[in-house]
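# Commentary on secondary and tertiary structure
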Amino acid sequence: MKKLLTIGGIIVVIFVLILVLNNQSNKDKLKDNPYGTNKLEQATIDLIGDKNYSNIILPEDLKAKIESGEPVTAYFFSPLCGYCKEMTPVMMPIAKDMGVEVDQFNTLEFNEDAQTYNIEATPTMIYFENGKEVGRMVGGQPEENIRAFFDAVKGETK
């Protein structure tokens, strides 16, 4: 019985230690996060610092950018979306290589704002020009489709 209590105590201590370390890690990530709030879902917190999610845009900034008329490529994703997790690490290096700026909009954190753009599934990429949507790609896509979308975007901005 004494061994059982000792083992149980060790397990509890380890569990508490894991919680404390995770909490500290979250606090560190939240210090300079791009969302402007510390009230974020854990899945979002886990992405902070990931180079593939380094161009986060807030709803009011996306709206202003689109309304300005400048060309905007917006990528609507959710940290819980398996297709997003597959596509983002493929897409972002392609965007960088092709010189396309992709603004990343987190639908988990800003779901109501995402509805403004008729987002029915993630990932969704929309290209806006002169304040209007001129291109949309929905769902996880292979590299060649991503390149074709960016080629079309680059063609529009010339």
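That block above? That's the structure.
Attention here is on the structure that accompanies the text. (Residues numbered from 1 in each chain as written. Predicted model: local features only at pLDDT ≥ 70, side-chain atom pairs only at ≥ 80, totals over all residues. Heavy atoms only, no water.)

## Regarding the packing of aromatic side chains
Using the following cut-off: Ring pairs are drawn from Phe, Tyr and Trp, using the six-membered ring of Trp, whenever the two centres fall within 6.5 Å, and their geometry is named by plane angle: stacked under 30 degrees, edge-to-face over 60, tilted for the rest. Think of it this way: any DSSP run of H or I at least four residues long counts as a helix, any run of E at least two long counts as a strand, and we number them from the N terminus. Burial classes: relative accessible area under 20% of the type maximum marks a residue as buried, over 50% as exposed, and values in between as partly exposed (1.4 Å probe, protein chains only).
Tallying each qualifying case throughout the model produces nine aromatic pairs. Ring centres 6.4 Å apart and planes at 70° place the aromatic pair Phe 105 and Tyr 117 in the edge-to-face group. Here Phe 105 is found in strand 2 (residues 102-106), whereas its partner Tyr 117 is found in the loop between helix 5 (111-114) and strand 3 (124-129), with twelve residues between them in sequence. For the pair formed by Phe 105 and Tyr 117, the shared burial category is buried. Plain terms: the ring middles of Phe 149 and Phe 150 are 6.3 Å apart, the flat faces sit at 65° to each other, and that makes the pair edge-to-face.

## Here we look at the side chain of Glu 109
Formally: Neither His nor the chain ends is counted toward charge; the positive residues are Lys and Arg and the negative residues Asp and Glu. The salt bridge criterion pairs a side-chain nitrogen of Lys or Arg with a carboxyl oxygen of Asp or Glu, the two atoms within 4 Å. In protein, a polar contact means a hydrogen-donor-capable atom and an acceptor-capable atom, both N or O and within 3.5 Å, with residues adjacent in sequence counting only if both atoms are side-chain atoms; elsewhere, any N or O pair within 3.5 Å suffices.
Relative to the elements of secondary structure, Glu 109 occurs in the loop between strand 2 and helix 5. Buried Glu 109, no salt bridge; nearest opposite-charge side chain is Lys 39, N-O distance 11 Å. Here Glu 41 takes part through its backbone nitrogen, which lies 2.8 Å from a polar atom of the side chain of Glu 109. A polar contact is formed between the side chain of Glu 109 and the side chain of Thr 44, at a distance of 2.8 Å.

## Things to note about the environment of Phe 149
What counts here: The criterion used for residue contact is that any of the two residues' heavy atoms lie within 4.5 Å.
Along the polypeptide, Phe 149 turns up in helix 6 (residues 143-156). Ignoring sequence-local partners within four residues, the contact set of Phe 149 consists of Thr 73, Met 125, Ile 126, Tyr 127, Gly 135, Arg 136 and Met 137.

## Some details on the pairing of strand 2
Strand residues, when the strand is regular, have side chains that alternate between the two faces of the sheet. Basically, it comes down to this: The criterion for strand pairing is that DSSP finds at least two bridges linking the strands in question. Orient the strands so they point away from the viewer; a crossover is then right-handed if the path from the first strand over the helix to the second runs clockwise.
Most of strand 2 is tucked away: five of the five residues are buried. Side chains Val 102, Gln 104 and Asn 106 project from strand 2 onto one buried face, and the interleaved Asp 103 and Phe 105 project onto a second face that is buried too. Relative to strand 2, strand 1 (residues 72-77) is paired through five bridges, and the arrangement is parallel. Within the sheet, the bridge partner assigned to Tyr 75 lies in strand 2 and is Gln 104. Since strand 1 and strand 2 lie parallel, the crossover through helix 4 (residues 82-98) that links them has a hand, and here it is right-handed.

## Considering a negative patch on the surface
To keep things clear, this is the line we draw: A patch consists of residues whose relative accessible area exceeds 30% and which take part in no salt bridge; residues with like charges are grouped when within 9 Å of each other, and nonpolar side chains (Val, Leu, Ile, Met, Phe, Trp, Tyr) when within 5 Å. Per-residue and other accessible areas were derived by the Shrake-Rupley procedure at a 1.4 Å probe size, with only the shown protein chains allowed to occlude residues. Every charge is mapped to an atom, namely NZ of Lys, CZ of Arg, CG of Asp or CD of Glu.
Taken together, the side chains of Glu 60, Asp 61, Glu 112 and Asp 113 present a region of like negative charge at the surface. For the negative patch, the secondary structure elements donating two or more residues are helix 3 (59-67) and helix 5. Structurally, Asp 61 is set in helix 3.

## Observations regarding the environment of Ser 54
Following the sequence through the fold, Ser 54 ends up in the loop between helix 2 (42-47) and helix 3. For Ser 54, the side chain forms a polar contact with the main-chain oxygen of Lys 51, separated by 3.1 Å.

## Remarks on the nonpolar core
Selection rule: In plain words, nonpolar cores are sets of buried Ala, Val, Leu, Ile, Met, Phe, Trp, Tyr and Cys residues tied together by side-chain atoms within 4.5 Å. Domain borders in the structure are assigned automatically or taken from a domain database.
Judged by nonpolar contacts, the single largest core of 41 residues is most densely connected at Leu 62, Met 91 and Phe 150. Contributions of two or more residues to this core are made by helix 2, helix 3, strand 1, helix 4, strand 2, strand 3 and helix 6. Looking at which element gives the most residues to this core, the answer is helix 4, with seven residues. Formed jointly, this core draws a minimum of three residues from each of two domains, domain 1 (1-45) and domain 2 (50-157). Beyond its immediate sequence surroundings of up to four residues, Phe 150 is in contact with Thr 73, Met 91, Ile 94, Ala 95, Met 98, Val 100, Val 102 and Met 125.

## Details of unusual backbone geometry
Look at the link from Thr 122 to Pro 123: it is a cis peptide, with omega at -5°. Its place among the elements puts Pro 123 in the loop between helix 5 and strand 3. Located in the positive-phi region is Asn 118, a residue other than glycine, with phi close to 55°. Within the element layout of this structure, Asn 118 appears in the loop between helix 5 and strand 3. Given a relative accessible area of 53%, Asn 118 falls into the exposed group.

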